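# An overview of the molecular structure
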Amino acid sequence: MSDVSFSIREGETVGLVGESGSGKTTIGRAILGLVPVSAGSIVFDGHDVTGPAHHARRREEGQIRAVFQDPYSSLNPSLPVAASLAEECGTGGRGREATFARMVDLFEKVGLPSAMVSSYPGRLSGGQRQRVAIARALMSDPRLVICDEPVSALDVSVQAQVLNLLRQAQRARSLSYCFVGHDLDVVRYMSDWIVVLYRGHVLEDGPAQTVARSPRHPYTRSLVAASPHPVVSPQDIATRPPSSLNAAMVTTGCPFAPRCPVPVDACWTERPPVRTAPDGGKVACHRYDPVADTTPTAEPVAGGATVEVPAPVRGHRRQSLTPGGPGAQARPQEPLDRPAPDGLRPTKAPRRAP
């Protein structure tokens, strides 16, 4: 990872998108304190929690939780579901009866029967296990949930249910999500802000609808073109032909230069400058010119918002996450009525003739 910096506000979802090996999961694991951070900082409520000891304390307090990708390996098969959920309470101070009542309440909210609390994971389907994983993440009333590709291992119909469940929980609890995914449509549906990663570098970020619908960086355009659509021409998904120079060998120029369809000489010798778009997004590309940018922008929220804030009083929470460096800038809020991904829209059955 190199020069990765972003922030997450209260009730907001920041999506991390990119191909395999771009560093999405590594960032999520770094926020959770599961991998060491060699440089930079991770700031939570104005406190540097980069060290493993700080992360252990925060996880014990239940402020940061995770929903992992594989619902079949995220639960201990030798323990009943109730035991796995009880572990999430940590030092919350709940008694046995209060903990069980909390489990039953969460199971009802995630659409599972309360009797399933005593079941073993082996008796649950993939969708049921992922619902249990969401209930487990919510047991300690967290403020930030790392969603590491939570629907990629599920069927499309089950994906829609899990995504809607995550959205409902966010609205009810003002949760903040760091949502990791490969599917740009799914990430757009869930996110307010999208960060595009390539080989550990941020190539573009911005409002979710702008990044997904009107990408500014050539790499983001290739990701959008690679998403399945009814009509896709070959030239839309074509990038530069394979080069003899491996992208991993590029150390001085743009990491995407070997695959870029429109490189310039500076792409091979200089790191692209990070330029700010009119909507507050960032683009790391030699060809990008903010002055000539005609991309439609979302309406900003009156007053905006800042990233670095002190620890809030109870009832009004906001946090900052800045891997790779302190601070970021205010940005407009995306509308809540985001359209559903193309593959997740409900369809009506055709009417039969009498």
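Refer to the structure printed above.
Residues numbered from 1 in each chain as written. Predicted model: local features only at pLDDT ≥ 70, side-chain atom pairs only at ≥ 80, totals over all residues. Heavy atoms only, no water.

### Observations regarding the nonpolar core
- Ranked by internal contacts, the top residues of the largest apolar core, which has 54 residues, are L85, F107, V132, I134, Y177, F179 and I194.
- Non-local contacts of I194, meaning those with residues more than four positions away in its chain, are made with G15, V17, L184, V187, R188, E204, D205, G206, A208 and V211.
- If you look at the next biggest cluster of nonpolar residues, it comprises 22 residues, including V4, L16, A30 and V202. (Core = buried A, V, L, I, M, F, W, Y, C linked by side-chain atoms within 4.5 Å. Buried < 20%, exposed > 50% of the residue type's maximum accessible area, 1.4 Å probe, protein only. Contact = heavy atoms within 4.5 Å.)

### Comments concerning the side chain of R65
- When you line up the elements, R65 lands in strand 4 (residues 64–67).
- There is a polar contact of 3.4 Å between the side chain of R65 and the side chain of S140. (Helix = DSSP H or I, 4+ residues; strand = E, 2+ residues; numbered from the N terminus. Polar contact = N/O pair within 3.5 Å; in protein donor to acceptor, adjacent residues only side chain to side chain.)

### Here we look at the sheet that holds strand 1 (residues 13–17)
- Pairing in this open sheet of eight strands is mixed, and the strands run 4-5-6-1-7-8-10-9 from one edge to the other. Strands at the two margins of the open sheet, each flanked by one partner only, are strand 4 and strand 9 (274–276). Adjacent strand axes in the sheet meet at a mean angle of 20°, parallel and antiparallel pairs treated alike.
- Examined bridge by bridge, strand 5 (residues 144–148) and strand 6 (residues 176–181) share five bridges and lie parallel to one another. Paired with L144 across the bridge in strand 6 is S176.
- Running at roughly 150° to strand 5, helix 1 (residues 24–32) makes contact with strand 1, strand 4, strand 5, strand 6 and strand 7 (193–198) of the sheet. (Pairing = 2+ DSSP bridges. Axes fitted to C-alpha atoms, helices over the stretch in contact; angles between N-to-C directions.)

### Section: the packing of aromatic side chains
- Across all of its chains, the model carries three aromatic pairs by this definition.
- With a centroid separation of 5.3 Å and an interplanar angle of 85°, the aromatic rings of Y198 and F256 are classed as edge-to-face. Of this pair, Y198 sits in strand 7 while F256 sits in the loop between helix 10 (234–237) and helix 11 (266–269); the two residues are 58 residues apart in sequence, bridging distant segments of the chain.
- Here a set of aromatic residues connected by ring pairs shows up, and it is made of Y198, Y219 and F256.
- In this arrangement the basic side chain of R167 is found over the ring face of Y189, its NZ or CZ atom lying 4.8 Å from the centre. (Phe/Tyr/Trp six-rings, centres within 6.5 Å; stacked < 30°, edge-to-face > 60°. Lys NZ or Arg CZ within 6 Å of the ring centre and 35° of its normal.)

### Focus: helix 9 (residues 218–226)
- Most of helix 9 is tucked away: seven of the nine residues are buried.
- Taken together, the buried positions of helix 9 are occupied by P218, Y219, T220, S222, L223, V224 and A225.

### Let's talk about the packing of helix 5 (residues 126–138) against helix 6 (residues 156–173)
- Orientation of helix 5 relative to helix 6, taken along the N-to-C sense of each, is 15°, at an axis distance of 10 Å. Between helix 5 and helix 6, the angle is such that the two are roughly parallel. Both helix 5 and helix 6 take part in a crossing whose hand is right-handed. Contact residues: helix 5 offers G127, Q130, R131, I134 and L138, while helix 6 offers V158, Q161, V162, L165, L166, A169 and R173.
- For the contact of helix 5 with helix 6, the per-class residue count stands at seven nonpolar, three polar and two charged. (Parallel < 35°, antiparallel > 145°, perpendicular 65-115°, else oblique. Left-handed = near helix turned anticlockwise from the far one by under 90°. Nonpolar A, V, L, I, M, F, W, Y, C, P; charged D, E, K, R; others polar.)

### Some thoughts on the pattern of salt bridges
- Under the criterion given, the structure shown has nine salt bridges.
- In this structure, the salt-bridge partner of D105 is K109, at a minimum N-O distance of 3.3 Å. Highlighted residues: D105 and K109, both in helix 4 (residues 96–109), separated by four residues, approximately one helical turn.
- A salt bridge links R216 to D279; the shortest N-O distance between them is 3.3 Å. Placement of R216 in the loop between helix 8 (208–213) and helix 9 and of D279 in the loop between strand 9 and strand 10 (282–284) is noted, with a sequence separation of 63 residues between them.
- Residue R216 is classed as buried on the basis of its relative accessible area, which comes to 5%.
- Each of R102, D141 and R173 takes part in one network of salt bridges that share partners. (Salt bridge = Lys/Arg side-chain N within 4 Å of Asp/Glu carboxyl O.)

### Here we look at helix 4
- A rise of 1.5 Å per residue sets the reference length of helix 4, with its 14 residues, at 20 Å; its end C-alpha atoms lie 20 Å apart and thus fit the reference within 8%.
- For helix 4, the complete set of buried residues consists of T99, R102, M103, V104, L106 and F107.
- Those residues of helix 4 hidden inside the fold are in contact with helix 3 (81–87), helix 5 and helix 6. (Expected span 1.5 Å × (residues − 1).)

These results come straight from atomic positions and should not be treated as a statement about function.
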